[in-house]
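Report on the structure
This is what each chain is made of:
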Amino acid sequence: MTGNNSSAKVFLLHIAVIAILFALNFILPEYHHGVLARVMVLSVFAMGYNMLFGYAGLLSLGHAMFFAAGLYGAGLTAYHFGWAMPAAFAAGLVSGAVLSLAIGLLALRTTGVAFMIVTMMFAQVCYLLTFYFSEWTRGDDGLVLGQDTRRLFIGDFYLDLTHPATRYMAALALFSIVLLITLFIVRSAHGRVLVAIRENEERTKMLGYDTFANKLVAVVVSGVICASAGAAYALLFGYVGSSFASVQYSILPLLWVLLGGAATTLGPFVGTLFMYYVVDITSSYTSAYLLIVGVALILLVLYFPKGILGTIRERWIRWLP
Amino acid sequence: MAFGPHLLLAALEGLVTSAVLALMALGLSLVFGVMRVVNVAHGEFFMLGAVLAWWTASLVTGHPAIGFLLALVISPLIVGAVALVAERLVLRRLNYNPEATIVATIGMLYIIQQLALTFYGPQARPVDAPFTYRILFPWFGYSGYKLSIIAASIVLLTATWFVLTRTKIGLVMRATQYDSETAQAFGIPVDRVYAGVFALGAMLAAVAAVLIVPITQAHYLMGMDPLLLSFIVVIIGGLGSLRGTVIAAVLIGLSDGIISAFFSPTLAKIIATLLVAMVLVFRPQGLFGTASR
């Protein structure tokens, strides 16, 4: 790496991606415009997952609970208490932070396979809780947020997030902020320590780093990012339901990250975008959506473990973060 | 019904769950113990067993026992063959890397589930029980078939225990579990043992499914709950401990039956899952297991 030169290149690349997405708002046809807004929000979820899985090497099978924490944190406060959008969004973030701190403190006592099973079980508890409190959450049927709760007031002026272009811009804003934050984190000292832990935890510990504290920070950062995606999903698309807390939603970000390239900043977005369109295109020919997810997972681990951007980085563009 | 008989009924139901759970968890535990592979697709092997049982039973007419017995033979064989193919094509090429195999078995889960949905459909379908004899207690009559499930499970568990501890096959499996490299050096065909164990684990799940299908019907989504429950059993019982697995299955099955009879089933599941997660956090070797290597 050649210091400043590559830093500038990396930064420009990310700004270019954001600029292209901004320009697409004005030229995309209606259908793809809507899809891309959704993909951007979901790829924030994948970016959060990537923080933990890609950089710290911790494979969690329970990240749906963090997404759901944001989803319900924002959705329930907006629906039942009529909280305004910024407050509801903040409630989602706080829910994610509290939950991920608690889960991190407990689950990080285990490693490897036990960590996966523990996270999966905690997520299952959260999933069941959404049914247990179905008076509030209405379980599988879910809540639909009305248009009035999805307006962002700034004085007398307001942004209507049910409007496609506004929604797209809001999704892009969240996407850009989180993308730049993850870029900053993975290039920071903390990010380097996480990679060191992934490669060899014992040695990192011997070098004097508190690996538990570093991993805990990673879990909380990852949890809050995933919660921000959940909260944004609730407010932008107006639906809050149990299915988002199910095991499937823990597995999807794993798939997106694996496909796009674990431990690359743009990989989660590439993976989410690609998979969303694969499923979208194939589902017009067949309803066998799960089959594609399954086959994709197996082929990825067998032949393509580094994912799209991971392979590109290995072969051609060494400076890709 | 008074409290005593009500409790007895809940306990009987719980024991039936335990019997099926013990078989399924044993399969999971063997695969994890010997191969270090967490088979997330185990629940789908269970589901496949049930669906194939319906298919087999639907092929023959006449007395229901004929169809059932045929299913009891054919369904585990097909499921075992599927598992064998999956092991050869996928798991072995991944070199049994724990994380990669988890992702791969998640993939298998989706593939099997989708194939079941496509070819079998979303309906739940029953298989007739081989006999309908009812045992009369003073307070209620209870299905004789359900009691025979418990008996069948005990027989199968004893047989597995016998094979594991008293035969050469069991010795080979234990040697592979203890130290696969040394076992290989002593001429044990480790990858054949792995393939066999993976198929055996799947077949145990399939047998459990055939036994339960006359009670609960076959459905393409039926794999998830038993999968989580058997994770719970395997963890509480401690890895590779047959005794622990059986005790834990009885414990979980009974408490599930009794708590769901008197409280909300969702609450029962929440409490059980949370407790087990805590066991794993604070005592990773399980309640009955010895510390892992």
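A few words now on the overall build of chain A. Looking only at helices and strands, one finds 14 helices and 4 strands in chain A. The C-alpha radius of gyration of chain A comes to 19 Å, within 12% of the 20 Å expected for a compact globule of 321 residues. If you line up chain A on its principal axes, its C-alpha atoms span 55 × 45 × 45 Å. Residue pairs in contact within chain A that sit at least 24 positions apart in sequence constitute 77% of those at least 6 positions apart. Taken as a whole, chain A presents about 13500 Å² of accessible surface, with 67% of it coming from carbon and sulfur. Both charge centroids of chain A, one from 17 positive and one from 13 negative side chains, sit 13 Å from each other.

Glancing now at the environment of H163 of chain A. All names here are of chain A. With respect to the helices and strands, H163 occurs in the loop between strand 3 (157–160) and helix 7 (164–187). In this structure H163 comes out as partly exposed when scored by relative accessible area, which is 44%. Along the primary structure H163 and F131 are separated by 32 residues, whereas in three dimensions their C-alpha atoms are 31 Å apart.

We now examine helix 10 (residues 211–237) of chain A. Helical periodicity: at 3.6 residues per turn, an α-helix aligns residues three or four positions apart in one direction. All names here are of chain A. Compared with an ideal rise of 1.5 Å per residue, which puts 27 residues at 39 Å, helix 10 spans 38 Å between its outermost C-alpha atoms and is within 8% of the ideal. Summarising burial for helix 10: 21 of the 27 residues are buried, a large majority. At the N-terminal end of helix 10, a side-chain oxygen is found 3.3 Å from the backbone nitrogen of F212, two or three residues along, and the residue is D210. At the exit of helix 10 stands G238, carrying a positive phi of roughly 70 degrees.

Overall, the predicted model of chain B reaches an average pLDDT of 87, with 97% of residues at or above 70. Across the interface, the model reports ipTM at 0.81; the global pTM reads 0.84.

With that out of the way, let us pick up the interface of chain B and chain A. With 38 residues of chain B in contact, the opposing surface of chain A contributes 38 residues. In total, chain B and chain A occlude about 3500 Å² of area from one another, counting both sides; carbon and sulfur atoms represent 86% of this. At the junction of chain B and chain A, the tally comes to 0 salt bridges. Where chain B touches chain A, the interface holds 2 residue pairs in polar contact (both at pLDDT 80 or more).

What follows covers the environment of A245 of chain A. Residue and element names in this part refer to chain A. Mapped onto the secondary structure, A245 falls in the loop between strand 4 (239–240) and helix 11 (247–260). When its relative accessible area of 3% is taken as the criterion, A245 is described as buried. Sequence-distant contacts of A245, that is, excluding residues within four places in its chain, are made with A64, A68, A123 and Y127.

A few words on the pattern of salt bridges. For side chains of opposite charge, pairing can occur when their charged atoms come near one another. All names here are of chain B. Within this structure, the stated rule accounts for 7 salt bridges over all chains. R88 is the partner of E87 in a salt bridge, and the nearest nitrogen-oxygen pair spans 3.4 Å. Classification of R88 as partly exposed rests on a relative accessible area of 30%.

The subject of this paragraph is the packing of aromatic side chains. In the structure shown here, the tally under the stated rule is 23 aromatic pairs over all chains. Aromatic ring contacts, followed pair by pair, group F45, F67, Y233, F237, Y239, F244 and Y249 of chain A into a single cluster. In this structure, R38 of chain A is placed above the aromatic ring of F237 of chain A, and the distance from its NZ or CZ to the ring centre is 4.3 Å. The ring of F32 of chain B is capped by R36 of chain B, whose NZ or CZ atom sits 5.5 Å from the centre of that ring.

Here we come to the side chain of T245 of chain B. Turning to its location among the elements, T245 of chain B is positioned in helix 10 (residues 242–262). Judged by its relative accessible area of 2%, T245 of chain B falls in the buried class.

So, on to unusual backbone geometry. Even without being glycine, A263 of chain A reaches a positive phi, approximately 60 degrees. Assignment of secondary structure puts A263 of chain A in the loop between helix 11 and helix 12 (267–282). Classification of A263 of chain A as buried rests on a relative accessible area of 10%. Backbone geometry places R36 of chain B, a non-glycine residue, at a positive phi of 60 degrees. As for its placement among the helices and strands, R36 of chain B is situated in the loop between helix 1 (3–35) and helix 2 (42–59).

Residues and elements named next belong to chain B. As a packed pair, helix 3 (residues 64–91) and helix 8 (residues 190–216) sit with axes 7 Å apart at the nearest point and diverge in direction by 145 degrees. Helix 3 and helix 8 meet at a crossing whose hand is right-handed. A class-by-class count of the residues in the contact of helix 3 with helix 8 yields 20 nonpolar, 2 polar and 3 charged.

As a further point, take a nonpolar patch on the surface. Residues and elements named next belong to chain A. Together, F81, W83, L129, Y132, F133 and W136 line one region of the surface with nonpolar side chains, adding up to about 600 Å² of accessible area. By the element assignment, W83 lies in the loop between helix 3 (64–80) and helix 4 (85–107). Given the relative accessible area of 38%, W83 is considered partly exposed.

All names here are of chain B. In this structure, T56 sits in helix 2. Residue class for T56 comes out buried when judged on its relative accessible area of 0%. A distance of 2.6 Å separates a polar atom in the side chain of T56 from the backbone oxygen of L52. For T56, the contacting residues outside a window of four places in its chain are L70, A71 and I74.

Conventions adopted
Residues numbered from 1 in each chain as written. Chains lettered and ligands numbered in written order. Predicted model: local features only at pLDDT ≥ 70, side-chain atom pairs only at ≥ 80, totals over all residues. Heavy atoms only, no water. Helix = DSSP H or I, 4+ residues; strand = E, 2+ residues; numbered from the N terminus. Rg over C-alpha atoms; globule rule 2.2 N^0.38 Å. Contact = heavy atoms within 4.5 Å. Areas by Shrake-Rupley, 256 points an atom, 1.4 Å probe, with all protein chains shown as cover. Lys, Arg positive; Asp, Glu negative; His and termini not counted. Charge placed at Lys NZ, Arg CZ, Asp CG, Glu CD. Buried < 20%, exposed > 50% of the residue type's maximum accessible area, 1.4 Å probe, protein only. Expected span 1.5 Å × (residues − 1). Polar contact = N/O pair within 3.5 Å; in protein donor to acceptor, adjacent residues only side chain to side chain. pLDDT = per-residue confidence, 0-100. Buried area = accessible area lost by both parts, 1.4 Å probe. Salt bridge = Lys/Arg side-chain N within 4 Å of Asp/Glu carboxyl O. Phe/Tyr/Trp six-rings, centres within 6.5 Å; stacked < 30°, edge-to-face > 60°. Lys NZ or Arg CZ within 6 Å of the ring centre and 35° of its normal. Axes fitted to C-alpha atoms, helices over the stretch in contact; angles between N-to-C directions. Left-handed = near helix turned anticlockwise from the far one by under 90°. Nonpolar A, V, L, I, M, F, W, Y, C, P; charged D, E, K, R; others polar. Patch = residues over 30% accessible without salt bridge, like charges linked within 9 Å, V, L, I, M, F, W, Y side chains within 5 Å.

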